[in-house]
Amino acid sequence: MTNTASSIEQSVLIAPAVYEAATATIRAEAARLLSEGSVAAVIGYVPGRRAGTAMPAVVTDAEAAQQLVFSPACVNNLTLFLTKAKKEVRKKGRLAIVAKGCDLKALAGLIGESQLKREEIVVIGVVCAGVYGAAADRRAPLSSASLARKCRECSVHVPEGVDLLAGTLPELPRLDPLEAAELARLEAMTPAERWAFWKEQFSRCVRCLACRQVCPFCYCEQCLCDRNRPQAVESTPRPAGNTAWHIVRAMHLAGRCAGCAECERVCPMDIPLNLLNRKMAKELKALYGHEAGLEPKEKGPLAEYREDDDQSFIK
Amino acid sequence: MHAEKVNHDFEPKIIAFVCTWCTYAGADLAGTSRMQYPANVRVVKFPCTGRIDPVFILRAFQKGADGVLVSGCHPGDCHYMAGNFHARRRFAAFRGLLDFVGVDLQRLQFSWVSAAEGGKWVEVVTDLTERVRQLGPMREFKELEQEECWSGALAAADLQEAYEAIP
Ligand code: SF4
Ligand code: SF4
Ligand code: SF4
């Protein structure tokens, strides 16, 4: 149970050329947007200090746009920079953002929740063949062994509904979906076995709250889990408080989570948070036919109702 | 009208989260009509089922409840028009989540009890109490409460390796 995609099949290389092509387009488009003044800043990725890394950057002049990159190291969901949590970025003015397909789902979710308006931003969609998993060897080129788990079952390699599109999709290897298999494995367990599984997972949590800080949907100015008068969720990293925290987190993101797996990526304790997210997504699809997509929806499944919703569990 | 008092080995603690407009009034009616029901239930009233946060249910289990009942107005009777419709969706999703982390859903009951249904209140409370009595005490959350710290178990091989490499 780790973020590392396990090498069950022979590791297959993923063509690096596609990232270079995307980088060139991003640079050119960012420079154009900035110099013609149609945006005040572009949120994108620049190379990190260590080889094989990249970090988010808010670029404000056309010259600096030449530093923008897109590579398998561009793991972050930049949508986070458009939320209330990063007010200083929004204050700059009209923004352009580089977005992979999975990040775009978060953007659609935020628009649906009235956190921003579609016409306020320029979306530079990037065709994405995958990014590195958490424990990948970044000196080696991207392969099916170092691919992030979410990318193995990605359905949005080519983002839709964007203003500009960078890159073209190469032929991709067919990979076994690990997360779906893991979810099925858990679902087949007895409740007692599942409790034991999660107890073990949650007990490792150190409550660093990185999972919350990185999530584009955790933009509440006061988190319920930080309140101590009255205290709803114990903040000490003890098993009881941890379990409550994870249940509350999954519940608050139910029907909202875009499945970008950022929470799982940043978790220092390797807790498979995306399994919880996926389970909730599956539940809400089964119950109310809701799925996170690239089109903003006015209301999430838990913000609306139908008079004839299922109530077979109510006496 | 006093029922025989029966001694059981285990008396379940049941917490009932109810809305003030329907179920609370229904429970009140049961009381004023002198209907008998298990004294195991502690009633906490809320303005509306829409106010009942899933975190309250967790808190109840953590603080020693063996069973939880959430009850409000029938669909269409909500004092605030749609509070119970929203609650219905939220609790449907919450049940899925609890089941996934391994909580026995038999300990959690949702119901609609109107102000006129004193009899139904008695029935729901009795059913849940007896069911939980059969299941025995809810141990999972209580055990968690007692655990002070991290289990020390490292599930991932690479974490274990990194841990062992610490001089
Ligand atoms: S999930 Fe898809 S769009 Fe997202 S990083 Fe992976 S391959 Fe790219
Ligand atoms: S990032 Fe991981 S360790 Fe930190 S609070 Fe979240 S689940 Fe716990
Ligand atoms: S909960 Fe995790 S996967 Fe879902 S949107 Fe937030 S960071 Fe992304």
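Calculation notes
- Residues numbered from 1 in each chain as written.
- Chains lettered and ligands numbered in written order.
- Predicted model: local features only at pLDDT ≥ 70, side-chain atom pairs only at ≥ 80, totals over all residues.
- Heavy atoms only, no water.
- Contact = heavy atoms within 4.5 Å.
- Buried area = accessible area lost by both parts, 1.4 Å probe.
- Salt bridge = Lys/Arg side-chain N within 4 Å of Asp/Glu carboxyl O.
- Helix = DSSP H or I, 4+ residues; strand = E, 2+ residues; numbered from the N terminus.
- Nonpolar A, V, L, I, M, F, W, Y, C, P; charged D, E, K, R; others polar.
- Near = heavy atom within 4 Å.
- Buried < 20%, exposed > 50% of the residue type's maximum accessible area, 1.4 Å probe, protein only.
- Pairing = 2+ DSSP bridges.
- Axes fitted to C-alpha atoms, helices over the stretch in contact; angles between N-to-C directions.
- Patch = residues over 30% accessible without salt bridge, like charges linked within 9 Å, V, L, I, M, F, W, Y side chains within 5 Å.
- Areas by Shrake-Rupley, 256 points an atom, 1.4 Å probe, with all protein chains shown as cover.
- 1 Å grid on protein atoms, 1.4 Å probe; cavity = no way out; pocket = protein on both sides within 12 Å on 5 of 7 lines; lining within 4 Å.
- Points joined across faces, edges and corners; volume = space filled by probe spheres on them.

S.K.: Is there a simple way to think about the interface of chain B and chain A in this case?
M.R.: Many descriptions give the size of an interface as the accessible area lost when the pieces come together. Listed by partner, the interface residues are 48 residues for chain B and 52 residues for chain A. With both chains or domains summed, chain B and chain A bury close to 4600 Å², and 64% of this area falls on carbon and sulfur atoms. Among the residues chain B hides against chain A, the three largest losses belong to Arg88, Arg89 and Phe100 of chain B. Together they make up 20% of the total. One salt bridge connects lysine 199 of chain A with glutamate 147 of chain B, and the closest N-O pair in it is separated by 3.0 Å. Elements that contribute at least two residues to the side of chain B that touches chain A include exactly α2 (54-62), α3 (83-101), β4 (108-112), α4 (118-135), α5 (140-146) and α6 (157-164) of chain B. Ranked by residues supplied to the side of chain B that touches chain A, first place goes to α3 of chain B with 16 residues. Its residues assigned to classes, the side of chain B that touches chain A shows 26 nonpolar, seven polar and 15 charged.

S.K.: What's the story with the site of ligand 3 in this structure? I'm lost.
M.R.: All names here are of chain A. The environment of ligand 3 is formed by 13 residues, the closest being Cys215, Cys257, Cys260, Ala261 and Cys263. Of all elements in the fold, only α8 (239-253), α9 (262-266) and α10 (273-288) reach the threshold of two or more residues within the shell around ligand 3. Of the residues in the shell around ligand 3, the class split is eight nonpolar, three polar and two charged.

S.K.: Got a minute to help me understand the pairing of strand β1 (residues 41-47) of chain A in this structure?
M.R.: Where a strand is regular, its side chains alternate between the two sheet faces. All names here are of chain A. With six of its seven residues buried, β1 lies for the most part within the structure. As paired strands, β1 and strand β3 (residues 95-99) are joined by three bridges and run parallel to one another. Bridging across to β3, isoleucine 43 finds its partner in isoleucine 97. Two strands pair when backbone bridges link them, and β1 and strand β2 (residues 54-59) are joined in this way by six bridges, in the antiparallel orientation. Within the sheet, the bridge partner assigned to proline 47 lies in β2 and is alanine 54.

S.K.: Honestly, the sheet that holds β3 of chain A in this entry has me stumped. Any pointers?
M.R.: Each strand in a sheet pairs with its neighbour through backbone hydrogen bonds, running either in the same direction (parallel) or in the opposite one (antiparallel). All names here are of chain A. Within the open sheet, the five strands sit side by side as β2-β1-β3-β4-β5. Their pairing is mixed. Each edge of the open sheet is held by one strand with a lone partner, namely β2 and β5 (164-166). Mean inter-strand twist for the sheet, computed between neighbouring axes without regard to direction, equals 30°. Strands in contact with helix α1 (residues 17-35) are β1, β2, β3, β4 (121-126) and β5; relative to β5, the strand with the most contacts, it is inclined by about 150°.

S.K.: It is not clear to me how a nonpolar patch on the surface should be interpreted in this structure. Could you clarify?
M.R.: All names here are of chain A. On the surface, Val158, Leu165 and Leu169 cluster together to form a nonpolar patch covering roughly 220 Å² of accessible area. Here leucine 169 is to be found in the loop between β5 and α5 (178-187). Exposure remark for leucine 169: the relative accessible area of 37% places this residue in the partly exposed category.

S.K.: I would appreciate a short explanation of the site of ligand 1 in the present structure.
M.R.: Residue and element names in this part refer to chain A. For ligand 1, the full set of nearby residues is Lys100, Gly101, Cys102, Cys128, Gly130, Val131, Lys150, Cys151, Cys154, Val156 and His157. At the level of secondary structure, the elements contributing two or more residues to the shell around ligand 1 comprise α3 (101-112) and α4 (149-152). Across the shell around ligand 1, the residue classes break down as six nonpolar, three polar and two charged.

S.K.: I tried to follow empty space enclosed by the protein on my own but got confused; where do I start?
M.R.: A water-sized probe, rolled over the atoms, reveals where empty space remains. Residues and elements named next belong to chain A. By the definition in use, this model includes six cavities of 30 Å³ or more. Volume-wise, the largest cavity comes out at about 160 Å³. Taken together, 15 residues make up the lining of the largest cavity; nearest its centre are Ala148, Arg149, Lys150, Ala261 and Arg265. Only α4 and α9 provide two or more residues apiece to the lining of the largest cavity. The biggest single contributor to the lining of the largest cavity is α9, with three residues. Its residues assigned to classes, the lining of the largest cavity shows seven nonpolar, two polar and six charged.

Geometry only, nothing functional implied.
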